[in-house]
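# Structural features, examined
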Amino acid sequence: MFLKVQLPWNVIIPAECLDAKGLMLQRQIIIRLLEAFSSKKATQELGYFLAVTTLENIGEGKVRQHTGDVLFPVVFSCLTFKLYRGEILNGVVHKVLKHGVFLRCGPVENIYMSCQKMPDYHYVPGENPLFMNEKMSKIEKDVVVRCIVMGTKWIEAEREFQALVSLEGDYLGPVSDEASLQ
């Protein structure tokens, strides 16, 4: 799910980057904010940071005593992406194993669907392994699959989420490509 959140942040501008012109200072603050924002990646509460949408406020700078750097408190709005239990998502299969498949959805790289959560699908080994059901519907590498999130786990060391998904539910499974049907 995409969320729009407003965040306070502290931006540090080194003394050598300070300029008397206000516009250049504002530019430096925005550049430093974007650099810090992109390196943060994600938090457990908000999910993955995607984009800064608006800069709401730049507070008064405070000079740090020992370095001479200036700390500016800023408030900005941004978009985040976080998976929730019960949410329906479309993921792209990137790895097929005997016991299940791994999918990607947006910034989330580790989404696992066990073969036990794919009713009526059976594993077909080979050079390009896949899962197939009696209706010849295939789950293989690069296929888009609509599934339901059963649970998520935050991995602090990597600052990322892992998720377990299932096909148990209505209208879930491989998604057909409309362009290929015409």
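Everything below is about the structure printed above this text.
Residues numbered from 1 in each chain as written. Predicted model: local features only at pLDDT ≥ 70, side-chain atom pairs only at ≥ 80, totals over all residues. Heavy atoms only, no water.

All right, on to the nonpolar core then. Counting residues in hydrophobic clusters, the biggest one holds 27 residues, and the most contacted among them are V101, I111, I139 and L167. Elements with a contribution of two residues or more to this core: β6 (88-97), β7 (100-105), β8 (108-114), β12 (144-155) and β13 (160-166). Considering each element in turn, this core owes the most residues, four residues, to β12. Contacts of L167, omitting those with residues within four sequence positions, involve M113, K117, M118, P119, Y121, I139, V145, R146, C147, L172 and G173. If you look at the next biggest cluster of nonpolar residues, it comprises 16 residues, including V5, V11, L33 and L46. (Core = buried A, V, L, I, M, F, W, Y, C linked by side-chain atoms within 4.5 Å. Buried < 20%, exposed > 50% of the residue type's maximum accessible area, 1.4 Å probe, protein only. Helix = DSSP H or I, 4+ residues; strand = E, 2+ residues; numbered from the N terminus. Contact = heavy atoms within 4.5 Å.)

In the sheet, β6 pairs with β12 via five bridges, with the strands oriented antiparallel. Each residue of the ladder has a partner; that of I88, found in β12, is I148. The pairing of β12 with strand β14 (residues 173-174) spans two bridges and is classified as antiparallel. Bridge pairing in β14 places R146 opposite G173. Summarising the sheet, β12 and β13 pair through seven bridges and their orientation is antiparallel. Looking at β13, one finds that T152 is bridged to A163. Once β12 ends, the chain turns through four residues before running back antiparallel as β13, passing R159 with a positive phi of about 55°. (Pairing = 2+ DSSP bridges.)

Next up on the list: the sheet that holds strand β10 (residues 130-132). Strand order across the open sheet formed by three strands is β9-β10-β11, with antiparallel pairing between neighbours. A strand with exactly one partner marks an edge of an open sheet, and here the two such strands are β9 (122-124) and β11 (138-139). With two bridges joining them, β10 and β11 adopt antiparallel strand pairing. Across the sheet, F131 pairs through a bridge with I139, a residue of β11.

A complete count under the given rule lists four salt bridges for this structure. A salt bridge links K41 to E160; the shortest N-O distance between them is 3.5 Å. Here K41, found in the loop between α1 (22-40) and β2 (42-43), pairs with E160, found in strand β13; they are 119 residues apart in sequence, far enough to count as distant. Take E160: its relative accessible area is 14%, and that puts it in the buried class. In this structure, K117 and E168 form a salt bridge, with 3.3 Å as the shortest nitrogen-oxygen distance. Remark: E168 occurs in the loop between β13 and β14 and K117 occurs in the loop between β8 and β9; sequence separation between them is 51 residues. Among the residues examined, K117 registers a relative accessible area of 26% and is labelled partly exposed. Taking the relative accessible area as the measure of exposure, E168 reaches 41% and is therefore partly exposed. (Salt bridge = Lys/Arg side-chain N within 4 Å of Asp/Glu carboxyl O.)

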